[in-house]
Amino acid sequence: MKRILRACASGGAAVALALTVAGCGGTVADPGTEQQGASGEGVTVQSARGPVTLPAPAKRVVSLELTYTEELLALGVPPVGNADNDTYNTWVSAPGTELPPEVTDVGSRSEPSLEQIKALQPDLIVAPEDRVGANYEALQEIAPVVSLDYTAKPQLETMKKNFTELGKATGKQDKSTQVLGQLDTKIAETRTKLEAAGKAGAPYAIGQAPTADPSIRLLGDDSMVAQVLNAAGLKNTWQGQPDEWGMTTVGVEALTQIPDNATFMYVASKKSDPFKGAIAANPVWQNLPFVQQDRAKALDPGTWFFGGPLSAMQLLDETAKAMQVR
């Protein structure tokens, strides 16, 4: 995510920009065509830049975004390289998303090290479309590149589509279908629990505070988070002007716009939780009805709002706890 927690690569930027690499380049197929490998086992997947053809399903994958690292792990294909291991381990904690210790950290998501990526000899690089532009051609010289756009509307359907394409790219189509089926089941189960508890259509607002700064990112209906919770039968009450991620960054005073009867759910870092610091001390926060009536609920700090199906299922479980329907 381009505005949240970008770690800086230590010395990798200069190497990344200066390096001229050679090797098996990625092939971007013309629309409507498919190129097959010599064995006839080629696979074509859809990226944000059009179809990309691989000679065979990828086994050695480098991921340059937390979301796609999570999704590769959900498919049973741990990446050989990942951008920003520390940030991943801080923010992504859904069951099944644990990053194996042997995964090489290839630098930051905004400035990955091309030298480190090349050394891993990947047969696929998965990257976020919003940040890959400066390095796209250099990455193609190392391996085929599949860039994916997380924010394309509607985000929930885009996530499912991107996950399906990664399943195709890695030869794990059956696994991707299985995991997405589990997500649909979890949504239905959560809806049933809410209905049984008389909480169908219950109003909520949900936000993230990734740093100690007392600003809050509230998620609107354009976000995947809200689309998952709305599909489970809840009603999002935040109507602020969203950015491309479906978020509105606000101060504590804006929380007064949330209806008095709503449940407010939030995620904050364990190390710098403003809801236990600057926000908690703010009189506006202290006087909010949902605070006074114990309807301000902290979700697991590792509930990643910009993830794949496993993070979406964790979100549903955490929401069920917050709504007291488990």
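For every chain, the first residue of the written sequence is number 1, and numbering continues from 1 along that sequence. Two thresholds apply to this predicted model, a pLDDT of at least 70 for residue-level local features and 80 or more for giving and counting side-chain atom pairs, whereas whole-chain, interface and lining totals are computed over all residues. Excluding hydrogens and water, the side-chain figures rest on all heavy atoms present in the structure.

K.L.:
Can you walk me through the nonpolar core in this structure?
P.N.:
Residue types Ala, Val, Leu, Ile, Met, Phe, Trp, Tyr and Cys, when buried and joined through side-chain atoms within 4.5 Å, form a set referred to as a nonpolar core. Burial status follows relative accessibility: with a 1.4 Å probe on protein chains alone, a residue under 20% of its type maximum counts as buried, one over 50% as exposed, and anything between as partly exposed. In terms of nonpolar packing, the biggest core is built from 62 residues, with Leu 124, Tyr 204, Ile 206, Leu 229, Phe 305, Phe 306 and Leu 315 touching the most fellow members. It is helix α11 (residues 309–322) that provides the largest number of residues to this core, a total of seven residues. Domain start and stop positions are those given by an automatic or database domain assignment. The residues that make up this core include at least three from each of domain 1 (43–170) and domain 2 (177–323). The residues touching Tyr 204, leaving out its near neighbours within four places in the chain, are Ala 226, Leu 229, Asn 230, Leu 234, Lys 235, Asn 236, Thr 237, Trp 238, Ala 262, Thr 263, Met 265 and Met 323. Among the nonpolar cores identified, the runner-up in size contains 20 residues, and Val 252, Leu 255, Phe 264 and Ala 296 belong to it. Going along the chain from the N terminus, every DSSP run of H or I of four or more residues is numbered as a helix, and every run of E of two or more is numbered as a strand. Should any heavy atoms of two residues lie within 4.5 Å, those residues are considered in contact.

K.L.:
Teacher, can you tell me more about the confidence of the model for the protein here?
P.N.:
The predicted structure's coordinates, where accompanied by low pLDDT, should not be read in detail. Overall, the prediction assigns the protein a mean pLDDT of 89, with 87% of residues at 70 or greater. Summary of the metric used: pLDDT quantifies the predictor's per-residue confidence within the range 0 to 100. Per-residue pLDDT stays below 50 along residues 1–39; that stretch engages in 82 contacts with residues further than four places along the chain or on separate chains.

K.L.:
Explain the packing of helix α6 (residues 155–169) against helix α7 (residues 173–196) to me, please; I cannot follow it from the model alone.
P.N.:
For any two helices packed against each other, one specifies the crossing angle of their axes together with the interaxial distance. One can describe the packing of α6 onto α7 by two numbers: an axis separation of 7 Å at closest approach and a directional angle of 155°. Here α6 lies roughly antiparallel to α7, going by the angle between them. Here α6 runs over α7; the crossing is right-handed. The residues of α7 that touch α6, namely those facing Met 159, Lys 160, Phe 163, Thr 164, Gly 167 and Lys 168, are Gln 173, Ser 176, Val 179, Leu 180, Leu 183 and Asp 184. We call Asp, Glu, Lys and Arg charged. Ala, Val, Leu, Ile, Met, Phe, Trp, Tyr, Cys and Pro are nonpolar, and the rest, Gly among them, are polar. Among the residues making up the contact of α6 with α7, the classes are represented as five nonpolar, four polar and three charged. The convention used is that axes are lines fitted to C-alpha atoms, helices contributing only their stretch in contact, and that angles between N-to-C directions extend from 0 to 180 degrees. Oblique is the label for any angle not covered by the other classes, which are roughly parallel (under 35 degrees), roughly antiparallel (over 145) and roughly perpendicular (65 to 115). Note on convention: the crossing is left-handed when the near helix lies turned anticlockwise from the far helix by less than a right angle, right-handed when the turn is clockwise.

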